[in-house]
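# Structure assessment
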Amino acid sequence: MMNKGPEMMELPSRIIPPTRSQVFAMEGYYVWGASVLKDESGLFHMFACRWPIAWGINSWYSHSDIVRAVGRSPEGPFEYQETLSVLKEHDWSRSFTIGPNAFEFDGKYYLLYVGSHLPEGAPEEREAFMAWRHQNRHVIRFNQRIGLASAPHPAGPWEPVSDGPVLEPRPDKWDAPFVTNPVICFTPENKTLLLYKSSTERSTDPNIKKGDKLMFGMAMADRPEGPYTRVGPEPLFEENVEDACFWYEDGRWWMICKDMTGNIGGDRYGAGLLYTSPDALHWQEADNIVAWKMWIDWADGERQPIYKMEKPTIYFENGRPVCLFMAVVPTGEESKSWNLARLLK
């Protein structure tokens, strides 16, 4: 068990109950993982991923694309504008892209993302493809890498900064299987920190039951384009967690992430955790560790139970958290998902 860290106002108490207009959904698609930029005219650009409902919720790792939507406020409502197919033009990311993390640096806009490619031989017919994908799921998962695109404006044109990934797994290290779920933050000295997820899993045999632990690593560079050097403990800590968002506020670093077991924060699988650090490398549980529970308190007074609530990201203004975004699958409605924006006090 990690040592406890300094107190912070409980994150749930900072959340302002949302209205239904703060949902971004797309007919016929699962929607996941929002990240938002504001342009010089005051328009907000949401980057999210989507994949067809017809292929099932687990088809993120074969059919996901990153899309852009626009709105007049950080909480929306947002309207779909385009699919960023350019992110799939290189061979390493040709099959799917997911996990957008958008940010501005030195007068330029950037989009961090995860890409992967399917092995050769995928059948075209749906049922045959689903069976083939299940047999190859570990191979596809192990092909995940982290890419970066840039643009002069959030509306584009977007282009990958290189033909290959900006961060790859390291053979014979703890993060040898894959690197995914990236998020970038900048130190007070303007260094680039890239937090990512990897796994203890090693086998690509589909007959071996998945029992791996998910953990975080950190890499640093002078600029978002890299090159990156791993820094800090490897991994950052031993807990089974994923979907991190981290930031610097009031002289300390803070991180929210998803509890993969329900044993850390005392709630069930999928609940949120809050960590704190003096340097973004050595992390402790915050005194108020629970970042979210598995329900939504709406502005109209309804408390809605949630089956999945994942991929938190935060929109900042002047270094302060303004709006929390999360991907949501409602309880009893597992055939749909949407992104929810909630303003913060």
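Thresholds, definitions, all that
Residues numbered from 1 in each chain as written. Predicted model: local features only at pLDDT ≥ 70, side-chain atom pairs only at ≥ 80, totals over all residues. Heavy atoms only, no water. Helix = DSSP H or I, 4+ residues; strand = E, 2+ residues; numbered from the N terminus. Buried < 20%, exposed > 50% of the residue type's maximum accessible area, 1.4 Å probe, protein only. Polar contact = N/O pair within 3.5 Å; in protein donor to acceptor, adjacent residues only side chain to side chain. Contact = heavy atoms within 4.5 Å. Pairing = 2+ DSSP bridges. Axes fitted to C-alpha atoms, helices over the stretch in contact; angles between N-to-C directions. Salt bridge = Lys/Arg side-chain N within 4 Å of Asp/Glu carboxyl O. 1 Å grid on protein atoms, 1.4 Å probe; cavity = no way out; pocket = protein on both sides within 12 Å on 5 of 7 lines; lining within 4 Å. Points joined across faces, edges and corners; volume = space filled by probe spheres on them. Nonpolar A, V, L, I, M, F, W, Y, C, P; charged D, E, K, R; others polar. Core = buried A, V, L, I, M, F, W, Y, C linked by side-chain atoms within 4.5 Å.

### Focus: the side chain of Ser-73
Assignment of secondary structure puts Ser-73 in the loop between strand E4 (65-71) and strand E5 (79-83). Residue Ser-73 is classed as buried on the basis of its relative accessible area, which comes to 17%. A polar side-chain atom of Ser-73 sits 2.8 Å from the main-chain carbonyl oxygen of Gly-76.

### Regarding the side chain of His-117
One can find His-117 in the loop between strand E7 (108-116) and helix H3 (126-135). A distance of 3.1 Å separates a polar side-chain atom of His-117 from the backbone oxygen of Trp-92. Contact partners of His-117, with chain neighbours within four places excluded, come to Asp-91, Trp-92, Arg-94, Ser-95 and Asn-143.

### Some words on the sheet that holds strand E12 (residues 214-221)
On the basis of which strands lie adjacent, the open sheet formed by four strands has the order E10-E11-E12-E13 and antiparallel pairing. Of all the strands in the sheet, just strand E10 (180-186) and strand E13 (229-231) have a single pairing partner and so form its edges. Adjacent strand axes in the sheet meet at a mean angle of 35°, parallel and antiparallel pairs treated alike. In this sheet, E12 lies alongside strand E11 (residues 192-199) in antiparallel orientation, the contact comprising eight bridges.

### Here's the deal with the sheet that holds E5
The four strands lie next to each other as E2-E3-E4-E5, forming an open sheet whose pairing is antiparallel. Lying at the two open borders of the sheet, with one neighbouring strand each, are strand E2 (29-38) and E5. Pairs of neighbouring strands in the sheet enclose a mean axial angle of 30°, with direction left out of account. Relative to E5, E4 is paired through four bridges, and the arrangement is antiparallel. Paired with Ala-69 across the two strands is Tyr-80, which belongs to E5.

### Here's the deal with the pattern of salt bridges
By the definition in use, this model includes 24 salt bridges. Here Arg-94 ties to Glu-120 by a salt bridge, and the two come within 3.5 Å at their closest N and O atoms. Here Glu-120 lies in the loop between E7 and H3 and Arg-94 lies in the loop between E5 and strand E6 (96-105), a separation of 26 residues in the sequence. The exposure class assigned to Arg-94 is partly exposed, which follows from its relative accessible area of 28%. Taking the relative accessible area as the measure of exposure, Glu-120 reaches 70% and is therefore exposed. Ionic pairing is found between Asp-175 and Arg-230, a salt bridge with its closest N-O pair at 3.1 Å. Of the two residues, Asp-175 is situated in the loop between strand E9 (159-160) and E10 and Arg-230 in strand E13; the sequence distance between them amounts to 55 residues. Judged on exposure class, the residue Asp-175 and its partner Arg-230 are both buried. Through salt bridges with shared partners, a single ionic network connects Lys-197, Glu-242, Lys-258, Lys-308 and Glu-310.

### A closer look at the layout of surface pockets
Gaps left between atoms show up when a probe the size of a water molecule is rolled over them. A volume near 740 Å³ is recorded for the second largest pocket. Lining the second largest pocket are 32 residues, with Ala-102, Phe-103, Glu-104, Phe-186 and Phe-316 positioned closest to its centre. Those elements giving two or more residues to the lining of the second largest pocket turn out to be E2, E6, E10, strand E14 (241-249) and strand E19 (303-317). With seven residues, E19 is the single largest residue contributor to the lining of the second largest pocket. Its residues assigned to classes, the lining of the second largest pocket comprises 20 nonpolar, seven polar and five charged.

### What about the nonpolar core?
Ranked by size, the top nonpolar core spans 29 residues in total, and within it Phe-47, Ile-66, Leu-84, Leu-87, Leu-111 and Trp-158 carry the most contacts. Taken together, the elements giving at least two residues each to this core come down to E2, strand E3 (44-52), E6, E7, H3, strand E8 (145-151) and strand E20 (320-330). The greatest single-element share of this core, amounting to four residues, is contributed by E7. Leu-87 has contacts with Ile-66, Ser-93, Thr-97, Leu-111, Tyr-113 and Ala-149, leaving out every residue within four places of it along the chain.

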